Structure formats: C-alpha cells, structure tokens
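Per-entry structural report
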Amino acid sequence: MPERFVEVAVPLPVTGTFTYSVPEPLEDAATLGVRVLVPFGNRKVTGFVVGVADSAEVERVKPIIDVLDVEPVVDANMIELTRWIGDYYLASWGEVLRTALPPGINMESRRFARITDEGRETLESGDGGMTERRRRILEVLAERDEASLGIVNREAGIPRGGSADVMALRSAGYVELVERVRQPRVEEVTEGIVRLAVSPTDAEGEASMLEKRAPKQAGALRELAAAEDGVLTTAELAARGFATTVAARLVERGLVERDERTRDRVSTGFEGWALREEGPLKPEQARALELIHARLETKEFGVVLLHGVTGSGKTRVYVEAVEAARAAGRGAIVLVPEIALTPQMVQRMRAQFEGEVAVVHSGLSLGERYDTWRAIRDGRFQIVVGPRSAVFAPVHDLGVIIVDEEHEGTYKQGESPRYHARDVAAMRAKLEGSVVILGTATPSLESYLNARDGKFDLVELPERIDSGPLPEVEIVDMRELTPVDSEGSFSGALRDAVKETLEEGKQVILFLNRRGYASFIQCMDCGHSERCDDCNVSMTYHSTDRSMRCHYCGKTGRAPDRCPECNSRNLRFGAPGTQRVELAVRELFPEAVVERMDQDTTGRQGAHWRILKDFAEGKTDILLGTQMIAKGLDFPGVGLVGVVAADVGLNLPDFRSGERTFQLLTQVAGRTGRGDERGKVLVQTYLPDHYTIAMARAQAFGPFFERETEERKGLGLGYPPFSRLVSIIVRGRDEQAVMKSAARLADFLDRGADQMADPAPEVLGPAPAPIERIKGVYRWQVLVRGRGGSARALVAAALKQEKALSLPSTVQLAVDVDPMDLL
C-alpha cells in the first residue's frame, strides 16, 4: 500500500507549508481540513491539513503524531479563502487558519527546565566557573521543581538570549529539559442529566404512591414529568431542592435514567428593547433588493454599495436581503464594526428570524465562542451577527454577507494576519457565489471609487426613511470663547442647547473621541509632563482612581501631586477626555441621569447592552461616549448631539485623518432627528474653516470625495485609492539594531524596485514611526507605495530572500498590506 503524505500549515510566523507522512492507522482520519498534532523543530504544534498526496517532494519526512478531529474543522472554500488571505496580506497560512477558528482549541508543546543534582551541587559549592547569568538561572530553578523557559528568563532578569544559556547549562549536565504537550484551553463541557424512563402519566401514578413514604422522590418525579422531554440537569434538580440521592433512588426503582450531555454555551445575544414599526419599502430600497434577489437566484457573485444618508433605512434593506437568502435556503453573515452595535443589529435580526441568529464576538468566553462556532458548523444557526472575525463563521451555503458601516477602520485587524474583513467578505462571497452588501452613509474612498468605476453596483438612498430633513448642524468656534464649566469642556452654546433639549423631555448624546480624564498632566513651571517609560507617549490621567495610564502598553502609576522634576504644585491638565467631560456634565446638569460609554466602562460582559438598553428605554438623559456611540445607533428620543472636540484626530500624521474626521462627524450627527422632529447638532472646534469640518456640517459626501481624492491624487504616485501601500514596521528592543535593520531593508527594497517595470513602486523611509517606542520596543517604518499590486509584489519578493536581508534575530518585521493608518 503506497505511503500517504499531507501538506500541513502551522500557526507560526513561517512561510509555506510542510510535508508530513501519515502512519497507516491514521490514514482514514487525516483528511483535508482536519487538525493534526505534528513535530515542528524541537516541539509539537497543532497544524492544519491543507493538501493530501501520494508522494513527497522532499526526502526526509516526519510522520504526524495524531489527528485531532473526527470531521474537518474547515471546508475546501475556507481553505482556499485562508490561502488567499495569507498570500495577499503576506501572512502565514497557518496563522490565518488559526484566526478563522475559535481561540483556545489548539495543542502545542512547551519546554520546561529543571535543575539536576549536579547543578544543585555546583550552585551550592560556588564552583563551575559559570557566568553570572547562568548562575541566576540555576538559582531560579533551585527554588522550584521546574519552570518554562519564559519564566526562567523573566525571573532571572534576562531580557533576551536566555535560551542559549539554558542550553549551555544543559550541555554541562546542570539542567535537563522536558517537553509537555499543553492541552486545548477550551473543549466540550458535559453536564449530568436525569431523564424519565416511564411516561408522564405513569410517573404521576408512581408519584402518588410514593407521596407519603418518599415525598422527595414523588416531587422529583413530578418535576421531571412537567419538564420538556422529561429531562432536567442534576444542577436544575438540586436548585429545586432534590439531592443526588433522590435521583439515585429513582434510578433503583427503574423510574428514571442518568446520563450526560454536552452543555450548551451558545451565544444568541441579549434581550432587546422595543423596535419602531416600519412602513412600506421606498423605491430606492426596492431597487437595491432587486439587484440582490437577481444575484441570489443565479448564485452570481456581486458587491452592492448601499450609500444612504443616516436614517435612510439601510438596516431594513439588510433584513430584507437576509430574508431573501433564507427563502432560497441559504445563510447570512452580518458584520458590524463595534461590539457596541451588536445588540441593536441582533435585535433587528431576531425580530424577523427567531431561533436562527447566533452572535460571535471577542467579549464572549472561550467556551461560548467554541460552542457557538460548533452550533453554526452543525447547521443550528443560519444567520450570524458579529464584528470582524464573524466573517469566518462556518455558515452553510452562504448567500449574503452584509458589512454595516463598511468604511470603519475596525474591520482591519491590527496584528498578524492583518486582514480587512470587508475585502475578505468580498473574496469569500466570490468563492461561494454570494452577494456582499456594503452599507454606509460615508463610504470609504476605495469603495466609492470602485462603485463609480463599475466594479460595484451603487444604490443611493438620498433621503431619510420618513422623508424628514437632516439635522441642523451649528459650528461653534472655540478659538475666542471661554468655557462655562470648571473642566473646560463646554461653550455657552452647547450648555444652553443641552439645557433646552432636556427641558423639552428629549435625550442628548455627547461625543468625544478621547477617553480618560486628561491627555496629560504638565508642570507649568518647568514644562515636565509624565511620559510612559516604555512608550514614546504621554501618560493619560484617569480621575476615578487618580492614576496615570499608558493607552498603548497598559502601564499604570499614581498621579503626581507635585512635579517630579521641580517639586512644583503648579500642574495643569491637558486636553479633556470622557471622564473629565462627565464631571462637567454632572456639574452643569445635576438633575440629569448620565451614562458614559467608553473602553473603561464597557469591560464587563453585557455592559454595552445594559447602557444602550437604558438609553433606549429613556432611563438615561445624557449618553456620553467615544466612537462606539458615533454610528449605527437608532434612538428616536435623541434631540441633540454635541461634539465636544471635533478636532481630535484631524491633525494626526496620517493621510486618512481628514476622511476619518469627516466620517465620524457625519455619523455622530446622524444619531439625532430620527423621531418626528428635526434634530440639532452642535460641533465645537478650533478649526471651523477646515474643509473637512465645513463639508461634514453640510453632510456633503460628494464634494468631500472630490476634494479628498484630488488631494491624494496629486502626491507623487498618489495615496489610496490611487495607489497601494505596504507599511513595514521594523521593531526590536535594541535601538541601534532597529535603525540599521530599517536602513538595510529600505536599501534592499530600493534595489528591487530599480529592477521593476515603470511605474516602479516607490520606497519611502526609513524613518522613526510616528509612535517611536511602544512597550519598550523601538519602531522604525518603511513605506512602499505603488500602482496595482507592485508594492505588495516587491515586499513579498524581499521577504522570500530573508537570508539576503541578514536581519538580526532580535529584530522583527510587522508587514501591513493596505494599512488603515500609518501610526
């Protein structure tokens, strides 16, 4: 019988796949799409079978150790999709496959070190002539039975290079290494159940006979008879006052059976709140649905850009599109940009498709994510709602993928693999013959240009669903105004508008895209400001616990009462954050019920839902928050939106800063005026004449698109959407090594670009990244800009010549194809 081989992708930052042989007992199980445990170097890791063959192109092949799945965890379409993501985004195929599956299900081995008797004797005697670093390692191991190499290095105070010292100690016989396979962090969980072994009628008869001599057994029988399918868990019986001994006696009488079943941790979202009734479809909505119906009937791939002003009924089109997919027996995925928007979208979908909707997002426990993924794979749910990662949900016969607020940068993953969920949705739809709907009031320039060029179908919804006017927008020039509150946040105009709105019995949304109390604390005498020791950024002051926090590495410290440099008490706070504005709101409007919604207040599971539900039900008068309240929310009781500081982000060193500011201001303005009356928006700014502010005030996307594209087109090869970018961050703890490596990389890329056809890609840099140091790691940036796929091709070719680059092992490259920002 010929030997079988498999191609395996491993979830490590490596290029390509690896060939393994399949032992004969595992041949039937080692099929396409299953996970396998394989030897990799000096450890064992979980890999994914992405190919099966009867021969190998390499001579020395190791066998797989085990097959971890009874059935494939990814199908052929998902294998092809993840291969494309790895190729396009220059990421490891195995890392992409790991991202596509619920976290915590993989196995891997770790090496542990333990001190030998000889090592202990040498340490105690002080002999051996070893270095101080190696002596510290032995001291750490002498205090414990064994420790992982990471713990050894950390406790011995060795930032890098400690593994070589451990190996030297091993060679000397002072240390021995053991390997342990770490089991998955999440698996199926079972629970005990008790099931009736007789009919409910017979159970009632038996209970009557037991009532006097064994009342507990009689009561348990009646509870089981009344339960669905005659089944209760042992925990449910215990909660009703029946001990396990009661069930045991009933088992002895032959009246019940004990068993186990898999406990369900599936997430279907929280209960919602009352929805508004919707009228008949408008002509523009009907036209969008005609396009979608036509493609669903023919299983023809297509992308529809649904560009509608805020409140124009885009969500209604989403629901009708999912209805069309379900009528055709196909499934749907609905992507939302923020976990905060999940409850409202889930509510809309569940109202129409009760029992068919599952929810996936990072706020769920590992067990909930695993069970929900398994339930979707098993066909229990045909509709999935969630943020970015939901694009990988194993929905059967996928008919439609909806990307709500398609312009949002949160659809781009910030770590490898750095995919964009909007583009992955398009590729998945192409592979599965599905329709993609990109919905937004403020399209990304890339999507709108694709629609204008005919690559996407474009449907415009120019009016609100009730034909009401867009909100009135007033610009408040803050340059010569004195704030009316002690925290320095409110102009008189904003204070008066909030007061008037509350007196009319309406609600207020206040938006500020900066959390914390103040962006920094600065000494007015010597100019010193607290900065993070590990990151090249100011520490943000948080008033709730009087702490200074770095929003990049999470480091915290006590806020100073005096300047640590000159001992002065003359300290001032920098630009206000949401905590500081909350204090101002409570000072100015002490009778109002105020809620703050930002990363600091939504850490607990369900916090988003609770805050939004209270606001929807009118329990909250003023909702203050960051960008998570700026889009997608539909509350008819809102009469005023106040933008506390419109300039946040406008002057960042990033070519998309104007686009993002326009989108945020337009979106947050759209949260008002969704009831019977026209809403109002007040925008406080120090840049009232900036074209982004002026066009956001008019909600004039067309003119903004023309102005912004002209700006980007005129810069050399242009910036997206007229060119493609690849950002490479060269990073490491040794600043000189990082600088030299960045220069070597840029020179290597320059020489490669010289050999390419015109217009050749352009290499920009190297230069320090805008944030030069994060978590103690220095960062330099090299940008490659080119037309078509030339920039990506140049970087891909360079990465394949890793040996020619000769970068030190202490330096890493973070490659971002089509970056959403350059910070």
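Now for a quick tour of the structure. (Residues numbered from 1 in each chain as written. Predicted model: local features only at pLDDT ≥ 70, side-chain atom pairs only at ≥ 80, totals over all residues. Heavy atoms only, no water.)

1. Focus: the overall build of the protein chain
Condition: A run of H or I in DSSP becomes a helix once it reaches four residues, and a run of E becomes a strand once it reaches two; helices and strands are each numbered from the N terminus. In this treatment the radius of gyration is a C-alpha quantity, and the globule benchmark scales as 2.2 Å times the residue count to the 0.38 power. Here the term buried applies to any residue with accessible area under 20% of the maximum for its type, exposed to any over 50%, and partly exposed to those in between, with areas from a 1.4 Å probe on protein chains only. Here, residues are in contact when the closest pair of their heavy atoms is within 4.5 Å.
Counting its regular elements, the protein chain contains 25 helices and 33 strands. Taken against the 2.2 N^0.38 rule, which gives 28 Å for 823 residues, the C-alpha radius of gyration of the protein chain at 30 Å falls within 12% of a compact globule. Taken over the C-alpha atoms alone, the protein chain extends approximately 85 × 75 × 65 Å along its principal axes. Residues counted as buried form 52% of the 823 residues belonging to the protein chain. Restricting to contacts in the protein chain with at least 6 residues of sequence separation, those with at least 24 account for 75%.

2. A closer look at the pairing of strand β29 (residues 680-685)
Going by this rule: Between any two strands, at least two bridges found by DSSP are needed for them to pair.
Among the six residues in β29, five count as buried, and that is most of the element. Looking at chain direction, strand β19 (residues 472-477) and β29 are connected through six bridges and run parallel. Counterpart to V473 in the pairing with β29 is V681. In terms of strand pairing, strand β28 (residues 638-643) meets β29 through four bridges, oriented parallel. Each bridged residue has a counterpart across the sheet, and for V643 the counterpart in β29 is V683.

3. Remarks on the sheet that holds strand β27 (residues 622-625)
What counts here: Axis definition: a line fitted to C-alpha atoms, limited for helices to the stretch in contact. Angles are taken between N-to-C directions and run from 0 to 180 degrees.
Judged by pairing direction, the sheet is parallel, and its six strands sit side by side in the order β19-β29-β28-β20-β27-β26 without closing on themselves. Looking along the sheet, the strands with just one partner apiece sit at the ends: β19 and β26 (594-597). Adjacent strand axes in the sheet meet at a mean angle of 15 degrees when their direction is disregarded. Packing of helix α17 (residues 492-503) onto the sheet brings it into contact with β19, β20 (507-511), β27, β28 and β29, and relative to β20 it is tilted by some 150 degrees.

4. Here we look at the environment of G527
As for its placement among the helices and strands, G527 is situated in the loop between β21 (521-523) and β22 (540-542). Once the C-alpha coordinates of G527 and E565 are considered, the two residues, 38 residues apart in sequence, prove to be 9.4 Å apart.

5. Concerning helix α15 (residues 421-432)
To keep things clear, this is the line we draw: To estimate the expected span of a helix, count its residues, drop one, and scale the result by 1.5 Å.
Taking 1.5 Å per residue as the helical rise, α15 with its 12 residues ought to reach 16 Å, and the 16 Å between its terminal C-alpha atoms agrees with that figure. Those residues of α15 not exposed but buried are A421, R422, V424, A425, M427, R428, A429 and E432. If you follow the buried residues of α15, they end up packed against α1 (76-88), β13 (331-335), β16 (398-404), β17 (435-440) and α16 (445-452). Of the residues flanking the end of α15, it is G433, one or two places downstream, whose phi is positive at about 65 degrees.

6. Comments concerning the pattern of salt bridges
Put simply, the rule is: Take a side-chain nitrogen of Lys or Arg and a carboxyl oxygen of Asp or Glu: if they are within 4 Å of each other, that pair is a salt bridge.
Summed over all chains, the structure comprises 48 salt bridges. R377 serves as the salt-bridge partner of E71, at 3.8 Å between the closest nitrogen and oxygen. On the criterion of sequence distance, the pair formed by E71 in the loop between β5 (66-67) and α1 and R377 in helix α14 (residues 366-377) is long-range, its members being 306 residues apart. For R377, a relative accessible area of 18% gives the class buried.

7. So, the nonpolar core
Our working definition: We call a set of buried Ala, Val, Leu, Ile, Met, Phe, Trp, Tyr and Cys residues a nonpolar core when their side-chain atoms join them within 4.5 Å.
Ranked by internal contacts, the top residues of the largest apolar core, which has 108 residues, are I85, F392 and L749. Core analysis: the next-biggest nonpolar cluster, separate from the first, contains 30 residues, L289, V319, A321 and V346 among them.

8. Concerning the packing of helix α7 (residues 200-210) against helix α8 (residues 215-226)
Stated precisely, the cut-off is as follows: Convention used here: angles under 35 degrees read as roughly parallel, angles over 145 as roughly antiparallel, angles from 65 to 115 as roughly perpendicular, and any remaining angle as oblique. It is the rotation of the near helix from the far one that decides the hand of a crossing: anticlockwise by less than a right angle makes it left-handed, clockwise makes it right-handed. Residues were grouped as follows: Ala, Val, Leu, Ile, Met, Phe, Trp, Tyr, Cys and Pro as nonpolar; Asp, Glu, Lys and Arg as charged; and all remaining residues, including Gly, as polar.
Close contact between α7 and α8 brings their axes to 8 Å; oriented N to C, the two are set at 165 degrees. When the axes of α7 and α8 are compared, the pair comes out roughly antiparallel. As for the relative orientation of α7 and α8, their crossing is left-handed in sense. Between α7, through P200, A203, E204, E206, A207, S208 and L210, and α8, the contact on the second element is made entirely by P215, Q217, A218, L221, R222 and A225. Counted by class, the contact of α7 with α8 contains eight nonpolar, two polar and three charged residues.

9. A closer look at unusual backbone geometry
The omega angle of the peptide bond from P720 to P721 is 15 degrees, so this bond is cis rather than trans. Its place among the elements puts P721 in the loop between α22 (701-713) and β30 (724-732). The peptide bond linking G765 to P766 adopts the cis configuration, its omega dihedral lying at 15 degrees. Positionally, P766 belongs in strand β31 (residues 762-774). Here Q699, not a glycine, exhibits a phi torsion of approximately 50 degrees, which is positive.

10. Some thoughts on the packing of aromatic side chains
Put simply, the rule is: Stacked, tilted and edge-to-face are the three classes assigned to paired rings of Phe, Tyr and Trp, where Trp is represented by its six-membered ring and a pair needs centres within 6.5 Å; plane angles under 30 degrees give stacked, over 60 edge-to-face, the rest tilted. Charge-over-ring contacts are defined here by two conditions on Lys NZ or Arg CZ: a distance within 6 Å of the ring centre and an angle within 35 degrees of the ring normal.
Under the counting rule described, the total for this entry stands at 15 aromatic pairs. Seen in terms of ring centroids, Y88 and Y89 are 4.9 Å apart; in terms of plane orientation they differ by 80 degrees. Their pairing is edge-to-face. Between F662 and F704, the aromatic rings sit 4.2 Å apart at their centres with planes inclined by 5 degrees, giving stacked as the arrangement. With F662 in helix α20 (residues 657-669) and F704 in helix α22, this pair connects stretches of sequence that are 42 residues apart. Comparing F662 with F704 shows no difference in burial state: the two are buried. Among the aromatic residues, those joined into a cluster by ring pairs are Y448, F662, Y691, F701, F704 and F705. Directly above the ring of Y691 sits R707, whose terminal nitrogen or CZ lies 4.0 Å from the centroid.

11. Details of the sheet that holds strand β33 (residues 812-817)
Strand-to-strand pairing in sheets goes through backbone hydrogen bonds, with the strands running parallel or antiparallel. Judged by pairing direction, the sheet is antiparallel, and its four strands sit side by side in the order β31-β32-β30-β33 without closing on themselves. Two strands in the sheet have a free side with no partner beyond their single neighbour: β31 and β33. Recorded for the sheet is a direction-independent mean angle of 20 degrees between the axes of neighbouring strands. Its contacts with the sheet put helix α23 (residues 735-754) on β30, β31, β32 (777-786) and β33, and the angle it makes with β32 is roughly 10 degrees.

12. So, the pairing of strand β1 (residues 4-9)
For β1, the buried fraction is high: five of the six residues fall into the buried class. Relative to strand β2 (residues 18-22), β1 runs antiparallel, the two being bridged by five bridges. By the bridge assignment for β2, R4 is matched with V22. As paired elements, β1 and strand β4 (residues 43-53) share five bridges and run antiparallel to each other.

13. Observations concerning the packing of α20 against helix α21 (residues 691-698)
One can describe the packing of α20 onto α21 by two numbers: an axis separation of 9 Å at closest approach and a directional angle of 30 degrees. What the angle tells us is that α20 and α21 run roughly parallel. As α20 runs across α21, the sense of the crossing is right-handed. Contact residues: G658, T661, F662, L665 and T666 in α20; T692, I693, M695 and A696 in α21.

14. Here's the deal with α23
Selection criterion: Of all possible arcs, the one meant is that of the directions from the helix axis to the C-beta atoms. A 3.5 Å cut-off defines polar contacts: any pair of N or O atoms within that distance qualifies, except that in protein one atom must be a possible hydrogen donor and the other a possible acceptor, and neighbouring residues in sequence count only when both atoms are side-chain atoms.
The end-to-end C-alpha distance of α23 is 29 Å, a good match for the 28 Å that 20 residues give at a rise of 1.5 Å each. Those residues of α23 that fall on the buried side of the exposure criterion are A737, V738, S741, A742, L745, A746, F748, L749 and A753. Along the long axis of α23, the arc covered by the buried residues comes to 165 degrees, so they all point the same way. More than 90 degrees from the buried face of α23, the exposed residues found are K740 and D754. The inward-facing, buried residues of α23 abut β30, β31, β32, α24 (790-800), α25 (802-805) and β33. Capping of α23 at its N-terminal end is provided by D734; its side-chain oxygen lies 3.1 Å from the backbone amide nitrogen of Q736.

15. Brief notes about the environment of L237
On the secondary structure map, L237 appears in helix α9 (residues 234-239). Classification of L237 by relative accessible area gives buried; the value is 5%. Residues L237 and A247, 10 residues apart in the sequence, show an inter-C-alpha distance of 8.8 Å.

16. Regarding the side chain of T501
Topologically, T501 is positioned in helix α17. Residues contacting T501, with those up to four places away along its chain left out, are K506, Q507, V508, G639 and L640.

17. Re a negative patch on the surface
What counts here: Like-charged residues are merged into a patch within 9 Å and nonpolar side chains (Val, Leu, Ile, Met, Phe, Trp, Tyr) within 5 Å, provided each residue has over 30% relative accessible area and no salt bridge. Working definition of accessibility: Shrake-Rupley area with a 1.4 Å probe, residue cover restricted to the visible protein chains. Note that His is not counted, nor are the chain ends; the positive residues are Lys and Arg, and the negative ones are Asp and Glu. Throughout, a charge is located at the NZ atom of Lys, the CZ atom of Arg, the CG atom of Asp or the CD atom of Glu.
Among the surface-exposed residues, D117, E118, E121 and E124 lie close enough to one another that they form a single negatively charged patch. Mapped onto the elements, E118 comes out in helix α3 (residues 117-125).

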